[in-house]
Amino acid sequence: MLYNAALVLEGGAFRGQYTAGVVDTFLAHHIEFDNVIGVSAGSLCGANFVSKQYGRAAMININHRHDRDYISFSHLLHRQTIINLDYLFEDHGWRWENFNERAYERSASNFTAVATSMVTGKAVKLYQPGRRRPHPGPQGFFVDADHREAAADEQGPVPGRRGG
């Protein structure tokens, strides 16, 4: 059932495990929302919810929490975010459940990710391509006009992103 409502998913590092359980419960009961907004860690849960990948967010955080390719403070030394977003959305073969980009693109839900600008410290909203505003943003998402410049150097939670 698609509700004409917005689902807002909080951030907060591994607090996202609780959020992953909530969105998995929605998926189990076939509950969808017109709009899904993920903030920081909630963006991972939101992307997996929109692509209808039951259990994927929890599996990543449980099975890969000690994997330095996924999450490490050493990434900061290379001017990257602590979480390696490329790793989350690239193909890993049989090792884990890959992100279902086709299901994500076909979803009836509009997805917005909210991240913090490393330049300004302010929120930057990233929208799904083809569904929102016409201003190209980082790695294929669209950024609202007020945040276009601040987002130029950002890494957002971008399903299907290639390269880096």
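None of these values were measured; they are calculated from a predicted model.

Trainee: Please provide a residue-by-residue account of the overall build of the chain, values included.
Mentor: Secondary structure assignment for the chain yields five helices and five strands. For the chain, the sequential pattern of α-helices and β-strands runs β-α-β-α-α-α-α-β-β-β. A buried classification covers 48% of the 164 residues belonging to the chain. For the chain, the share of sequence-separated contacts (at least 6 apart) that also reach a separation of at least 24 residues comes to 56%. For the chain, the accessible surface area stands at approximately 9000 Å², while carbon and sulfur atoms represent 53% of it.

Trainee: So what's going on with the packing of aromatic side chains? Residues and values would help.
Mentor: For the structure shown, the criterion picks out six aromatic pairs. Among the aromatic residues, those joined into a cluster by ring pairs are Tyr 3, Phe 26, Phe 33 and Phe 49.

Trainee: Outline helix H1 (residues 16–28), listing residues and values.
Mentor: In an α-helix, one turn spans 3.6 residues; hence positions three or four apart end up facing the same way. Compared with an ideal rise of 1.5 Å per residue, which puts 13 residues at 18 Å, H1 spans 18 Å between its outermost C-alpha atoms and is within 8% of the ideal. Looking only at H1, the buried set comprises Gly 16, Thr 19, Ala 20, Val 23, Asp 24 and Leu 27. Projected onto a plane normal to the axis of H1, the buried residues spread over an arc of 135° and lie on a single side. Buried-residue contacts for H1 involve strand S1 (2–9), helix H2 (41–50) and helix H3 (56–63).

Trainee: Provide a residue-level description of the environment of His 30, including the pertinent values.
Mentor: With respect to the element layout, His 30 can be found in the loop between H1 and strand S2 (32–39). Remark: the alpha-carbon pair of His 30 and Met 1, spanning 29 residues in sequence, is separated by 6.0 Å.

Trainee: Can you tell me about the side chain of Asp 24, naming the residues and giving the values?
Mentor: The residue Asp 24 is located in helix H1 in this model. The side chain of Asp 24 is buried and forms no salt bridge, while Arg 56, the nearest opposite charge, is found at 10 Å. Excluding its chain neighbours within four sequence positions, the residues that come into contact with Asp 24 are Gln 53, Tyr 54 and Gly 55.

Trainee: Before we move on, could you go through H2 and cite the residues and values that matter?
Mentor: Counting buried residues along H2, ten of its ten residues qualify, which places the element largely inside the surrounding structure. Following H2 by one or two positions, Lys 52 has its phi on the positive side, about 60°.

Trainee: Describe the pattern of salt bridges, with residues and values.
Mentor: A full pass over the atoms with the stated rule returns two salt bridges. A salt bridge links Arg 15 to Glu 10; its shortest N-O distance comes to 3.8 Å. What makes Glu 10 partly exposed here is its relative accessible area of 38%. The salt bridge involving Glu 32 is made with Lys 52; its shortest N-O contact spans 3.0 Å. Within this pair, whereas Glu 32 is found in strand S2, its partner Lys 52 is found in the loop between H2 and H3, the two being separated by 20 residues in sequence.

Trainee: Describe the side chain of Asn 48, with residues and values.
Mentor: Relative to the elements of secondary structure, Asn 48 occurs in helix H2. The residues touching Asn 48, leaving out its near neighbours within four places in the chain, are Gln 53, Arg 56, Ala 57 and Phe 99.

Trainee: Hey, could you go over unusual backbone geometry for me, with residue numbers and the actual values?
Mentor: The backbone phi angle of His 30 is positive, close to 55°, even though this residue is not glycine. Taking relative accessible area as the criterion, His 30 reaches 58% and is therefore assigned exposed. Despite not being glycine, Lys 52 shows a phi value in the positive range, around 60°.

So, how was this worked out
All residue numbers here refer to positions counted from 1 along the written sequence of the relevant chain. Local features in a predicted model are, by the rule used here, given only for residues with pLDDT of at least 70; side-chain atom pairs are given and counted only at 80 or more, and totals for whole chains, interfaces and linings are based on all residues. The basis for every side-chain value is the complete set of heavy atoms in the structure, and neither hydrogens nor water enter the calculation. Labels follow the DSSP assignment, with helices taken as runs of H or I lasting at least four residues and strands as runs of E lasting at least two, numbered in each case from the N terminus. Relative accessibility thresholds used throughout: buried, under 20% of the residue-type maximum; exposed, over 50%; partly exposed, between the two (1.4 Å probe, protein chains only). Only heavy atoms matter for contacts: two residues are in contact if any of them lie within 4.5 Å across the pair. Each accessible area is a Shrake-Rupley result for a 1.4 Å probe, and residues are judged covered by the shown protein chains and nothing else. Two rings from Phe, Tyr or Trp (for Trp, the six-membered ring) form a pair when their centres sit within 6.5 Å of each other. Planes less than 30 degrees apart are called stacked, planes more than 60 degrees apart edge-to-face, and all others tilted. Multiplying 1.5 Å by the residue count of a helix minus one yields the expected span of that helix. Note that the arc is computed from the directions linking the helix axis to the C-beta atoms. Positive charges are assigned to Lys and Arg, negative charges to Asp and Glu, while His and the chain termini are left out of the count. Salt bridge, as used here: a side-chain nitrogen of Lys or Arg that lies within 4 Å of a carboxyl oxygen of Asp or Glu.

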